[in-house]
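Now for the letters of each chain:
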Amino acid sequence: MTSLRIRKLAFVAAGISILSSCVIPDDTSGIAKVDATTAAARKEMVGLSEADVRMCAGFPTATADVGSSGQIWTYQRTVQRGNLNIAVPTMAVGAIPAVGGSVNVAPGGYCNTQIRMIGGRVAEVAYAGDNNLPNSIDALCVSTGDACVAYARQRNHKATAVSR
């Protein structure tokens, strides 16, 4: 091989190596943070009445009676968006190890926001599903909880103003 060809291959291998280092791992729990809105919903929705939740989140997609543990209301949301997939072919050049991989940016997913009602009031909020983004845990669940967080804050603000 000519030295120019070797340099070209080394340059290509270095570029592929850099791109492959950008691959997002399957488990992002060590680098991703819990979405602020969904974290706030877990706290601030507690105590809202059934009517309050219907006002801010709408009617649930499904409900389940769990006996003495109350009811669980589920709000299902599916997110479909355009994906950007970059696939780098795996290749080895001489002593350089095989490099390659793929990157998937802005994947779709789904979220089940689950609200436990006990005695007609929110006792607990949880999230299930393929609801994480590369940098944010529970991020696909924001749309269910954001209106309820604002609603709860507004009601608490009014209650505080009245008690003064």
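This report concerns the structure included in the present document. (Residues numbered from 1 in each chain as written. Predicted model: local features only at pLDDT ≥ 70, side-chain atom pairs only at ≥ 80, totals over all residues. Heavy atoms only, no water.)

Digging into helix 3 (residues 50-57)
Alright, step 1. For helix 3, every residue scored as buried is listed here: D52, V53 and C56. All buried residues of helix 3 project into a common sector of 95 degrees when viewed along the axis, lining one side.
Alright, step 2. Remark: G58 follows helix 3 within two positions and exhibits a positive phi of approximately 90 degrees. (Buried < 20%, exposed > 50% of the residue type's maximum accessible area, 1.4 Å probe, protein only. Helix = DSSP H or I, 4+ residues; strand = E, 2+ residues; numbered from the N terminus. Arc of directions from axis to C-beta.)

Some thoughts on the sheet that holds strand 2 (residues 62-65)
Alright, step 1. Taking strand neighbours across the sheet as the criterion, the 4 strands line up as 2-3-6-7 in an open arrangement whose pairing is antiparallel. Of all the strands in the sheet, just strand 2 and strand 7 (121-128) have a single pairing partner and so form its edges. Put simply, the sheet's adjacent strands are angled 20 degrees from each other on average, direction ignored.
Alright, step 2. Pairing of strand 3 (residues 71-79) with strand 6 (residues 109-118), which is carried by 9 bridges, proceeds in the antiparallel orientation. Within strand 6, the residue paired with T74 across the bridge is Q114.
Alright, step 3. Across the sheet, helix 3 is in contact with strand 3, strand 6 and strand 7; its angle to strand 3 comes to roughly 5 degrees. (Pairing = 2+ DSSP bridges. Axes fitted to C-alpha atoms, helices over the stretch in contact; angles between N-to-C directions. Contact = heavy atoms within 4.5 Å.)

Looking at the environment of P60
Alright, step 1. Note on placement: P60 falls in the loop between helix 3 and strand 2.
Alright, step 2. In the structure, P60 is positioned 54 residues away from Q114 in sequence and 9.3 Å away in space, judged by C-alpha atoms.
Alright, step 3. Dropping the residues within four chain positions of it, P60 is found in contact with W73, T74 and Y75.

Here we look at the state of the cysteines
Alright, step 1. Throughout the structure, instances matching the rule amount to 2 disulfides.
Alright, step 2. With its sulfur 2.0 Å from that of its partner, C56 forms a disulfide with C148. One disulfide, between C56 and C148, carries an S-S torsion of 90 degrees and so falls in the right-handed class. Taken together, the positions of C56 in helix 3 and C148 in helix 4 (residues 142-163) put the pair 92 residues apart, joining distant regions of the chain.
Alright, step 3. The buried category is assigned to C56, whose relative accessible area is 12%.
Alright, step 4. Residue class for C148 comes out buried when judged on its relative accessible area of 0%.
Alright, step 5. Residue pairing for C111: its cysteine sulfur links by disulfide to C141, the two sulfurs lying 1.9 Å apart. (Disulfide = S-S within 2.5 Å.)

Section: the nonpolar core
Alright, step 1. Formed by 19 residues in total, the largest nonpolar core has its most connected members in M45, L48, V53, I115 and V122.
Alright, step 2. Those elements that place two or more of their residues in this core are helix 2 (36-44), helix 3, strand 3, strand 6, strand 7 and helix 4.
Alright, step 3. Among the elements that take part in this core, helix 4 stands out by supplying 4 residues, more than any other.
Alright, step 4. Apart from residues lying up to four places away in sequence, M45 is in contact with A40, V53, I115, V122, V125 and C148. (Core = buried A, V, L, I, M, F, W, Y, C linked by side-chain atoms within 4.5 Å.)

Looking at helix 2
Alright, step 1. Listing the buried residues of helix 2 in full gives T38, A40 and A41. Across the axial projection of helix 2, the buried residues extend over an arc of 160 degrees, all falling on one side. Helix 2 presents A36 and K43 as exposed residues on the side facing more than 90 degrees away from its buried surface.
Alright, step 2. Sitting at the amino-terminal end of helix 2 is D35, which places a side-chain oxygen 2.9 Å from the backbone nitrogen of T37. (Polar contact = N/O pair within 3.5 Å; in protein donor to acceptor, adjacent residues only side chain to side chain.)

Remarks on the pairing of strand 2
Alright, step 1. As judged from the 4 bridges shared by strand 2 and strand 3, these two strands associate in the antiparallel manner. Bridge assignment links A62 to a residue of strand 3, and that residue is T74.

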